[in-house]
Amino acid sequence: PDLTVREETLAAPELRAARILSAAGLATDAAAFARQAAERFPSDLGIAYEAARVSAAAGEYRAAHSLMARRFPTYMSRGGLDLPPDFLKLFWPMAFEAHIVEAAKRAGIDPLIMLAIARRESRYDPGVRSVVGAIGLFQFMPYTAREVGPAAGLTDVSEQALKTPQAASRLAATYLKDLLRRFDGALAPAAASYNAGEDLATLWWKAHKSAGVDMFVEMIPYAETRGYVREVVANHETYRWLYGK
């Protein structure tokens with residue numbers, strides 16, 4: 001892709017405002033203005049890439065991912081030539097790394113599994129609430145949060161707390177630790193359990209695990225869960241490839 005920002009875009013008031021705000025240390029506001037410039041000049045791939053970069057640097061991972069997915073869908077699915085080192089990492093960022101890594105270490109699990117789940121569940125948006133009431137980065141229902149909270153060392157599992165990356169990561173790490181233990185560390189049935197519940201996932205795994213992970217996934221009878229598991233497993237493999245783990 002041509003990632004050179006055009007002269008017309010460089011002169012835009014939104015981009016000038018972004019520079020001023022960035023110099024003042026207001027990274028979130030600067031990123032918002034950079035995204036406005038990207039929306040104003042939709043054919044300028046250079047500003048789309050730069051706006052995604054500054055958004056990720058400001059912790060606006062969902063905004064960065066959304067912009068990249070809308071402007072560079074072919075490169076997300078197929079890769080490309082002469083891509084900058086961080087290009088694909090904007091699709092699969094180390095979002096909220098400090099909180100996720102700390103929680104994963106505490107639980108003894110792979111933090112990249114948590115990132116694979118977060119990408120599918122919320123597209124890295126810690127403040128999102130679904131139509132059914134699931135909250136936060138890992139989309140916990142309030143009743144599940146209340147059950148898991150004590151084991152995660154949390155006394156506050158209110159909606160406000162669940163919208164913080166720290167609390168959400170502690171809950172997710174604790175919950176995923178139990179799921180992975182149930183399935184001897186296998187990610188695919190743990191992901192199926194995260195989406196469809198432990199009882200169903202256990203039945204499916206017992207019936208099809210001997211055929212291998214790929215066949216297990218394809219034999220999941222619920223289309224939503226089947227697609228969910230495919231994406232989580234693919235996310236995890238992509239994270240491992242991008243970050244060399």
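Computed from a predicted model, the values in this text were never measured in an experiment.

Draft legend 1. The arrangement of the environment of Ile113 in detail. Along the polypeptide, Ile113 turns up in helix α8 (residues 111-122). Residues contacting Ile113, with those up to four places away along its chain left out, are Leu176, Leu180, Leu187 and His236.

Draft legend 2. Layout of the side chain of Ser169. Within the secondary structure layout, Ser169 lies in helix α11 (residues 165-182). A relative accessible area of 0% means that Ser169 is categorised as buried.

Draft legend 3. Just the packing of helix α3 (residues 27-40) against helix α4 (residues 45-57), in detail. It is at 9 Å that the axes of α3 and α4 come closest, and there the two elements cross at 160 degrees. Looking at the two axes, α3 sits roughly antiparallel to α4. As for the relative orientation of α3 and α4, their crossing is left-handed in sense. Residues Ala31, Ala34, Arg35, Ala37 and Ala38 of α3 form the contact with α4, whose participating residues are Ile47, Ala48, Ala51, Val54 and Ser55. Looking at the contact of α3 with α4 residue by residue, the class counts come to 8 nonpolar, 1 polar and 1 charged.

Draft legend 4. How the structure looks around the packing of aromatic side chains. Using the criterion set out here, one finds 13 aromatic pairs in the structure. Ring geometry for Phe87 against Phe91: centres 6.0 Å apart, planes inclined by 70 degrees, an arrangement best described as edge-to-face. Ring centres of Tyr239 and Tyr243 lie 5.8 Å apart, and the angle between their planes is 20 degrees; on these two criteria the pair is classed as stacked. Here Tyr239 pairs with Tyr243, and both are found in helix α15 (residues 223-243), just 4 residues apart, close to one helical turn. Among the aromatic residues, those joined into a ring-pair cluster are Tyr49, Phe72, Tyr75, Phe87, Phe91 and Trp92.

Draft legend 5. Representation of helix α13 (residues 198-208). All of the buried residues in α13 are Ala201, Thr202, Trp204 and Trp205. For α13, the angular spread of the buried residues around the axis is 165 degrees, confining them to a single face. For α13, the exposed residues lying more than 90 degrees away from the buried face are Asp199, Leu203, Lys206 and Ala207. Residues of α13 that are buried make contact with α11, α12 (187-196), α14 (213-218) and α15.

Definitions and limits used
- Residues numbered from 1 in each chain as written.
- Predicted model: local features only at pLDDT ≥ 70, side-chain atom pairs only at ≥ 80, totals over all residues.
- Heavy atoms only, no water.
- Helix = DSSP H or I, 4+ residues; strand = E, 2+ residues; numbered from the N terminus.
- Contact = heavy atoms within 4.5 Å.
- Buried < 20%, exposed > 50% of the residue type's maximum accessible area, 1.4 Å probe, protein only.
- Axes fitted to C-alpha atoms, helices over the stretch in contact; angles between N-to-C directions.
- Parallel < 35°, antiparallel > 145°, perpendicular 65-115°, else oblique.
- Left-handed = near helix turned anticlockwise from the far one by under 90°.
- Nonpolar A, V, L, I, M, F, W, Y, C, P; charged D, E, K, R; others polar.
- Phe/Tyr/Trp six-rings, centres within 6.5 Å; stacked < 30°, edge-to-face > 60°.
- Arc of directions from axis to C-beta.

Any functional reading would require information that these geometric values do not contain.
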